[in-house]
Amino acid sequence: MTKRLASLLVALVAAVGCARQEPSAPSAAEWIGQAREAHAAADRAVAREDWSAARDALRRAWQREVPAAVGADDRRVVRQDLAYRLAEVELSAGAAEDALRWAEDGLREGRAEDVFTGNLLVARGRAREALGDDRRAAQDYFEALEINEALLRRTFDEGAPPEGP
Amino acid sequence: MSDDEPTEEELREAEALVRALERGSAQEALPEDALETAALLAYSRDGGALSDERRAAILDDLLANAKLPQPKSTRGPSWLAWLLPAVGVAAAAGVALLVVVTAERATPPAAAGLPAPPPALLTAQAAAAGGTRREAEVLGERMQSYRGEVYAALEARYPRGGAR
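Here the structure is a predicted model, which means the values were calculated and not measured.

**With respect to the overall build of chain A**
Scanning chain A from N- to C-terminus turns up seven helices and zero strands. Listed N to C, the secondary structure of chain A is α-α-α-α-α-α-α in terms of helices and strands. Looking at chain A as a whole, 40% of its 165 residues qualify as buried. Counted over contacts in chain A with a minimum sequence separation of 6, partners at least 24 positions apart contribute 58%.

Okay, structure coming up:
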């Protein structure tokens, strides 16, 4: 009887302890680190043309919740770069529709006159081209080149590196 | 001491009577018959009328000592007297809580300050727009090194052990 009571008490204490344990959200630094590791894993997988492994690593990073402490533009930069890479992996794997979806998901994160938005426009243009939508592919390339020209102009006209990506 | 000369007691009573007639009120015990006589004499002199100075003095005395009714407050119901400060204290507490909560949440840093893309990356991007598959791969390769710089900047901006 005493043994039973003791076991019950131990189980109760353990249950209360588990219930009180809150899952800890990743810090901004952890989230950044996880995204960086996903790129490194994708690099290794792409090198051996393992598109599935590359896709999985990048998609896990994409699905992670962004900590509130991450600035909106930093969030956009990180997620757009992940989406660009996912689109490129899908294009390499011959999955143009998936590539188009990833490029559009990335562009929904926002637009900026920077390399990351430009890359997504290039990737979307390539996906559309692969799907036979040449007209809209040309529009994407044109938009990408507008951004690219602005970045180059800042680089060369001002004689100094442009601010930001 | 002869009968014609006043006694000390009579002198004290006479002085008290004079003071009583001057002030209009008796401060100490006086012989009642003398007081009545003095009052009749004073009345026969001016019919009991009050002089202007005397009237002003009485009025001043009344105003100084009377418990006048307080004018009714026009500032609103009495419950407002405690409700308004209570609301003020609650509002101040709310503002303080907001400040504390806001301070606890890390302010997202601005995205500015990431490294500039090198010209080689930009030319690769221009070539990849409508270019061949190989040109797209070159863009990917150039991005790899630039990505390293961007992540190094982000890691410096969000150090380990920082806000969640």
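Past the structure itself, the notes keep going.
**Regarding the overall build of chain B**
In terms of regular secondary structure, chain B is built from six helices and zero strands. Walking chain B from its N terminus toward its C terminus, one meets helices and strands in the order α-α-α-α-α-α. Long-range contacts, defined as pairs at least 24 residues apart, comprise 32% of the intrachain contacts of chain B with a sequence gap of at least 6.

**Regarding the environment of Gly125 of chain A**
As for its position among the elements, Gly125 of chain A is in helix H6 (residues 115-130). Residue classification places Gly125 of chain A among the buried residues on the basis of 27 C-beta atoms within 10 Å. Taking C-alpha positions, Gly125 of chain A is 7.7 Å from Gln139 of chain A, a pair spaced 14 residues apart along the chain. Excluding anything up to four places from it in sequence, Gly125 of chain A contacts Ala137, Asp140, Tyr141 and Ala144 of chain A together with Ala129 and Gly130 of chain B.

**What to know about helix H4 (residues 72-92) of chain A**
Residue and element names in this part refer to chain A. Given a rise of 1.5 Å per residue, 21 residues ought to cover 30 Å, and the 30 Å separating the end C-alpha atoms of H4 matches this to within 8%. Burial runs high along H4: 18 of the 21 residues are buried. Two residues or fewer past H4, Gly94 is found with a positive phi of approximately 80°.

**Side note on the nonpolar core**
One finds Ile32, Leu58, Ala83, Ala87, Ala99, Ala103 and Ala123 of chain A to be the most contacted residues of the largest nonpolar core, which totals 54 residues. The set of elements that each furnish at least two residues to this core consists of helix H2 (28-47), helix H3 (51-63), H4, helix H5 (96-107), H6 and helix H7 (134-157) of chain A together with helix H5 (119-128) and helix H6 (133-157) of chain B. By residue number, the principal contributor to this core is H4 of chain A, which donates nine residues. The contact partners of Ala87 of chain A, leaving out residues within four places of it in the chain, are Ala99, Trp102, Ala103, Ala123 and Ala127 of chain A.

**A short note on the environment of Ala28 of chain A**
Among the structural elements, Ala28 of chain A can be located in helix H2. Residues Ala28 of chain A and Ala69 of chain A, 41 residues apart in the sequence, show an inter-C-alpha distance of 6.0 Å.

Rules used throughout
- Residues numbered from 1 in each chain as written.
- Chains lettered and ligands numbered in written order.
- Predicted model: local features only at pLDDT ≥ 70, side-chain atom pairs only at ≥ 80, totals over all residues.
- Helix = DSSP H or I, 4+ residues; strand = E, 2+ residues; numbered from the N terminus.
- Buried ≥ 20, exposed ≤ 12 C-beta atoms within 10 Å, placed from the backbone.
- Contact = placed C-beta atoms within 7 Å.
- Expected span 1.5 Å × (residues − 1).
- Core = buried A, V, L, I, M, F, W, Y, C linked by C-beta atoms within 7 Å.

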